[in-house]
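Fold and contact review
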Amino acid sequence: MSGAELPRSAETVIIGAGIVGNSLVYHLADQGKDDILQIDKGPLPDPGGSTGHASNFIMPIEHTSEMTELTWDSIDQFDEVGVFNNSGGLEVARTETRMAELRRRVQSATAFGTQAQILGPDEVKEKVPHINESIIEGAMYTPDAGSCDPLRFGEVMRERARDMNALTVSANTEVLDIVVEDGAVQAVETDRGTVAVTGELVIAAGVWSPKLARMAGSKIPLYPVGHQLISVGPIEKFEEQEGEINYPIVRDMDVRMYERQNGNDLEIGSYEHRPLLYDVDEIPALEEAPLSPTQMPFTEDAFEDSMEHALEIMPEILDDPEAGIRHSIDGLISITPDGNPVVGPVNDVDKLWSVAAIWIRLAPGIARQVARWMTDGWGAMDTDMHGLNVARFDGWGRTKQFVRERGAEEFSRHYGIIHPSEQFEAGRPNRTTGFYDRQQELEASFQESGGWERPRWYESNADLVDRYADDLEGLHRPNDWDATWWSETILGEHLHLRDKVGLIGDTGFAIFDVVGEDVSDYLEGMVIGRMDVDPGSIVYTPALDSGGGFRADLTIIRLAEDRYRIVTGGSTGGDVWQWFSRHIPPSGSVRMVDRSSALATIGLWGPNARSVLREVTTQDVSNDAFPAFTAQDIEVGQVEAWAMRLSYVGELGWEIYAPMERSRRLWDSLYEAGQEYDLRPVGTGVYGGTGRIEKNYRLYGHELRREYNPAEADLTFHGVKDADFLGKAAYAAALEGEPAATLCTMSVDDHAPNGGERRFMLGGEPIFSTDGEMLIDDEGRRSYVTSANTAPSLGKHLLMGYIPTTLAEAGNQFEVLYFGDRYPVTVEVVGNQPLFDPDNERIRR
Ligand SMILES: Cc1cc2nc3c(=O)[nH]c(=O)nc-3n(C[C@H](O)[C@H](O)[C@H](O)COP(=O)(O)OP(=O)(O)OC[C@H]3O[C@@H](n4cnc5c(N)ncnc54)[C@H](O)[C@@H]3O)c2cc1C
């Protein structure tokens, strides 16, 4: 309705009428919103964004459960509207390495509920007769793939919202500015007048989103990049076919390309080329763009290799003298620093949401969840969205340069074989401590978490592998994949820490101080654990959402009557900050201060930890004076620090916090004092990996996920307190009822059941009965390995995973699928019982 009058105000304003904005207006209306204004600067139904010229295909295979869920929901929605064409899809391999990766794709597909199988070259040829099967090793086939019509879908979504009298659409209307007052959005200024926003403003503006965020004084970390697409036709062979697509979509993974029939054309898309980056301010205006603003002129030279690769795989089609290139573009898509969408409320401006960097295949599914989030809150969602939360880049990952460089690297990984522990190179080091150079001198192998550089292991400890050779027998990983981003030195460090003492440069936590007269009541209402504890006490507790799903995994310390400290994983810092800050009472009686960049953390753990600490402090650090699970101020050499006596590796010791500028001094004091006690620096390979799994400690995002409740995770030791708290009703009900699944720890019985190399699972593998039946609980949740790691003190490789409760019994045997083979595993413990030091004596000694 371009010519119609622009309303002077609206409760919810959505900027963008691409697949994302269109999906969202319907889902918001469906959730009961009835005063929605959708604005787009272009004409409808194709306003000139990325949605108008995409290839529109959907492969429902991802290496994470949430992305698979969101893709499936989108397919169902496209299908319900009648715009989904189920063609099937093939990912072909030109190399053996890729074949292995395709077996891993089948593994993930199976774990998360998509049909997939490996085919040989001849079977591929049967499905796609025009493929040159002589250059491929085989393929992964999924019958569930297909293509959709996102423009028609968008029309239907808008019509439905309008039929509910919920939506006004204003096309040909450009947002020029966003008015923010008192930290919150008030209005949008457009070329057709100003609209007051009485509720929330959503930026669903695809590649333009950073520009709109800038208008509001915020940032949305995405960068526009060209993705090359050509359309070749007419193809005689396709003439006799009816409909848009009759052959499976082909992804030619090794050359990072795809080919898909579209009527009597063949569309060839490529991610093989160098990243073709465009600044958001370079995107032309509608009237200046020859095709549309997001169809940039084709960069010929960047496509040369891709054309050759396309000719190799489909020569029969592309050699057709009648066929010519009908269309070629550098189509703009959004890249983010980690490849995931950027969704949710932005933390620095109230009433402003980002719903951006979303593929068509994910858009309707994400829109459904975001609409619930916006109306009924986080707890109303079905899917765990914390990995998509735009807040995850707060404070460290939002500058233009970083997003550009990291985004370019992310683009180059598209269709790549990405190891679960894969590290980025661009933009590093980003966040470093005062002892970073000390760790470099000790030949640390760094990994990044929340922007922080953290050593995973130290090459200088390589001698420990020899020292503990007898204990490590049988734990060596001969396979390259299993040993990528890993080192046997981690196992040596682990045993040394359990034997002597380790120093873990642990900075990288999110640390929030929460203060004020009502702080105790406020926190009491946020978490399961009791907050009315003495100053100096440490409470380990999950926070739940209103539906009883895990929302955060926290250590909370009472510092004083009116002051607490929340410590949690750095990579979820922005997300947790958002959760807590948005629940703060409006009275101003509680305040939150982010100390994450101000405080460095060093862990000192192992039997000799107390002796080392005694060398550098005059304070009494005996068990009586400084008991386990308490915190105190402490002088370490000349540094005023603060220490907690607890341990994520299950050992005697302290987590010591000091101002960042004194962190090197703190490191040096402890390191030097430790030499007498055979202290070694130890990496996070032990801290978050081997040490954790031996103690069965659960990890947020892995074991602690929205779809499982505390009873299923066996984290019920707090009981149900009297005070009301978020998620209490659901939590209490979960404790009363019978859990459908129970978190178990299993060990691998045979690492090479079919002979050959011994293999070591890394997590994400589906779990089967010994009869080959996939384990699925009464709520339809499929069992898969949530964490996997080696337990050197036990000489075993351990796996954690939720098993249907009826089958969750110690001694029960199952199988896990890993790269196409089945491996026998046995349940070691059911629930939260550590395998190593089951009575937790070491931590208390
Ligand atoms: C060549 C190509 C092939 C692709 N193939 C696939 C595929 O096969 N499968 C898949 O899942 N995805 C594919 N994609 C990705 C997909 O197209 C995008 O991820 C998706 O369309 C993004 O949708 P959107 O709604 O976020 O953005 P858009 O469709 O770009 O919509 C954003 C809207 O915001 C409007 N807007 C911007 N600024 C303003 C302003 N100031 N005022 C008012 N309105 C404004 C724009 O006019 C635009 O209409 C492909 C992309 C390309 C380029």
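Just above sits the structure.
My aim in this report is to walk through the structure given alongside it, one point at a time. (Residues numbered from 1 in each chain as written. Predicted model: local features only at pLDDT ≥ 70, side-chain atom pairs only at ≥ 80, totals over all residues. Heavy atoms only, no water.)

A few words on the overall build of the protein. Looking only at helices and strands, the protein features 23 helices and 40 strands. Against the globule reference of 28 Å for 845 residues, the protein gives a C-alpha radius of gyration of 28 Å, in line with a compact fold. Burial status across the protein gives 62% buried among its 845 residues. For the protein, the share of sequence-separated contacts (at least 6 apart) that also reach a separation of at least 24 residues comes to 73%. With the model as given, the accessible surface of the protein reaches about 30200 Å², and the carbon-plus-sulfur share is 43%. In the protein, the 74 positive side-chain charges and the 141 negative ones have mean positions that sit 4 Å from each other. (Helix = DSSP H or I, 4+ residues; strand = E, 2+ residues; numbered from the N terminus. Rg over C-alpha atoms; globule rule 2.2 N^0.38 Å. Buried < 20%, exposed > 50% of the residue type's maximum accessible area, 1.4 Å probe, protein only. Contact = heavy atoms within 4.5 Å. Areas by Shrake-Rupley, 256 points an atom, 1.4 Å probe, with all protein chains shown as cover. Lys, Arg positive; Asp, Glu negative; His and termini not counted. Charge placed at Lys NZ, Arg CZ, Asp CG, Glu CD.)

Not every one of the 36 residues close to the ligand is listed here, only the nearest: Asp40, Ser50, Thr51, Ile358 and Arg361. Between the ligand and Lys41 there is a distance of 3.0 Å, counted from a nitrogen atom to a backbone nitrogen or oxygen. Within the contact set of the ligand, an oxygen atom lies 2.9 Å away from a backbone nitrogen or oxygen of Phe57. In the complex, the protein chains occlude 97% of the 1000 Å² of accessible area that the ligand would expose alone. Of all the secondary structure elements, the ones that give two or more residues to the shell around the ligand are helix H1 (19-30), strand S13 (223-233) and strand S19 (324-335). A total of 3 residues in the shell around the ligand trace back to one element, the largest contributor, which is S19. (Near = heavy atom within 4 Å. Polar contact = N/O pair within 3.5 Å; in protein donor to acceptor, adjacent residues only side chain to side chain.)

Below, the discussion takes up the sheet that holds strand S28 (residues 563-569). On the basis of which strands lie adjacent, the open sheet formed by 5 strands has the order S26-S27-S28-S25-S29 and antiparallel pairing. With one partner strand each, in any of the chains shown, strand S26 (538-544) and strand S29 (591-594) form the two edges of the open sheet. Strand-to-strand twist in this sheet, taken as the mean axis angle between neighbours without regard to direction, amounts to 30°. The pairing of S26 with strand S27 (residues 550-560) spans 7 bridges and is antiparallel. Of the residues in S27, the one forming a bridge with Tyr540 is Thr555. (Pairing = 2+ DSSP bridges. Axes fitted to C-alpha atoms, helices over the stretch in contact; angles between N-to-C directions.)

What follows deals with the pairing of strand S39 (residues 813-818). When you tally the buried positions in S39, you get 5 out of 6 residues, the bulk of the element. Pairing analysis gives 2 bridges linking strand S36 (residues 767-768) to S39, with the strands arranged antiparallel. When the sheet's bridge partners are listed, Ile767 is paired in S39 with Val816. Where S39 meets strand S40 (residues 821-830), 6 bridges bridge the pair, whose relative direction is antiparallel.

Evaluation of the coordinates by the stated rule reveals 54 salt bridges. Asp532 is the partner of Arg558 in a salt bridge, and the nearest nitrogen-oxygen pair spans 3.8 Å. Here Arg558 is found in strand S27, whereas its partner Asp532 is found in the loop between helix H16 (519-524) and S26, with 26 residues between them in sequence. A salt bridge links Asp837 to Lys695, with the shortest nitrogen-to-oxygen separation between them at 3.9 Å. Highlighted residues: Asp837 in the loop between S40 and helix H23 (841-844) and Lys695 in the loop between helix H20 (684-694) and helix H21 (710-713), separated in sequence by 142 residues. Residue classification places Asp837 among the buried positions, given a relative accessible area of 13%. Taken together, the salt bridges that share partners define one network made up of Arg498, Glu651, Glu694, Arg842 and Arg845. (Salt bridge = Lys/Arg side-chain N within 4 Å of Asp/Glu carboxyl O.)

Spatial strand order, S36-S39-S40-S35-S38-S37: 6 strands in an open sheet with antiparallel pairing. Each having just a single partner strand, S36 and strand S37 (785-791) make up the two edges of the open sheet.

Core analysis: the largest hydrophobic core is formed by 67 residues, its most contacted members being Ile366 and Phe580. Non-local contacts of Phe580, meaning those with residues more than four positions away in its chain, are made with Tyr522, Leu523, Met526, Val527, Ala543, Leu554, Ile566 and Met592. By size, the runner-up hydrophobic cluster in this structure holds 39 residues, among which are Val188, Val195, Val280 and Ile283. (Core = buried A, V, L, I, M, F, W, Y, C linked by side-chain atoms within 4.5 Å.)

A cluster of acidic residues, Glu174, Asp191, Glu287 and Glu288, forms a negative patch on the protein surface. Along the chain, Glu174 turns up in the loop between strand S9 (167-170) and strand S10 (175-181). Look at Glu174 and you get partly exposed, because its relative accessible area is 32%. (Patch = residues over 30% accessible without salt bridge, like charges linked within 9 Å, V, L, I, M, F, W, Y side chains within 5 Å.)

Tracing the chain through its elements places Glu655 in strand S33 (residues 653-659). Buried charged residue Glu655 carries no salt bridge. Nearest counter-charge: Arg454, at 7.6 Å. Only 2.8 Å separates the side chain of Glu655 from the side chain of Tyr657, close enough to count as a polar contact. Setting aside chain neighbours within four positions, we find Glu655 in contact with Asp506, Phe509, Thr601, Ile602, Gly603, Trp605, Trp642, Ala643, Met644, Leu646 and Tyr687.

The amide bond that connects Leu44 to the next residue, Pro45, takes the cis arrangement and shows omega of 10°. The omega angle of the peptide bond from Gly233 to Pro234 is -5°, so this bond is cis rather than trans. Positive phi is not limited to glycine here, since Asn56 has a value of about 65°. Structurally, Asn56 can be placed in the loop between strand S2 (36-39) and strand S3 (57-58). Positioned with a positive phi, Asp837 is a non-glycine residue whose angle comes to about 50°.

Right, let's get into the environment of Glu676. Relative to the helices and strands, Glu676 is located in the loop between helix H19 (663-674) and strand S34 (679-681). You can call Glu676 exposed: its relative accessible area is 61%. Remark: the alpha-carbon pair of Glu676 and Glu635, spanning 41 residues in sequence, is separated by 20 Å.

What follows deals with the environment of Leu362. Relative to the helices and strands, Leu362 resides in the loop between strand S21 (352-356) and helix H10 (363-376). Residues Leu362 and Leu472, 110 residues apart in the sequence, show an inter-C-alpha distance of 44 Å. Discounting residues that sit within four places of it in the chain, Leu362 has contacts with Met67, Leu70, Thr71, Ser74 and Pro341.

Here H1 crosses helix H5 (residues 150-163) at 30°, and the two axes come no closer than 8 Å. In terms of orientation, H1 and H5 fall into the roughly parallel class. H5 is crossed by H1, and the crossing has left-handed handedness. Contacts from Ile19, Asn22, Ser23, Val25, Tyr26 and Ala29 in H1 reach Pro150, Phe153, Gly154, Met157, Arg158, Arg160 and Ala161 in H5. Considering only residue class, the contact of H1 with H5 consists of 8 nonpolar, 3 polar and 2 charged. (Parallel < 35°, antiparallel > 145°, perpendicular 65-115°, else oblique. Left-handed = near helix turned anticlockwise from the far one by under 90°. Nonpolar A, V, L, I, M, F, W, Y, C, P; charged D, E, K, R; others polar.)

Taken as a whole and judged by the stated rule, the model has 29 aromatic pairs. Consider the rings of Tyr436 and Phe446, whose centres lie 4.9 Å apart with planes at 45°: the pair is tilted. Of this pair, Tyr436 sits in helix H12 (residues 436-441) while Phe446 is found in strand S22 (residues 444-449), placing the two residues 10 residues apart along the sequence. The positively charged end of Arg551 is found above the aromatic ring belonging to Trp378, 3.5 Å away from the centroid. Looking at Arg565, its charged tip hangs above the ring of Trp642, at a distance of 4.5 Å from the centre. (Phe/Tyr/Trp six-rings, centres within 6.5 Å; stacked < 30°, edge-to-face > 60°. Lys NZ or Arg CZ within 6 Å of the ring centre and 35° of its normal.)

So, about helix H8 (residues 304-313). All of the buried residues in H8 are Ser306, His309, Ala310 and Ile313. Along H8, the residues classed as buried sweep out an arc of 100° about the axis, all on the same side. In this structure, H8 carries Glu304 and Glu308 as exposed residues pointing more than 90 degrees from its buried face. In this structure, the buried residues of H8 make contact with strand S5 (89-93), strand S14 (249-252), strand S15 (257-262), strand S16 (265-270) and helix H9 (315-318). (Arc of directions from axis to C-beta.)

This is a description of form; function is not addressed.
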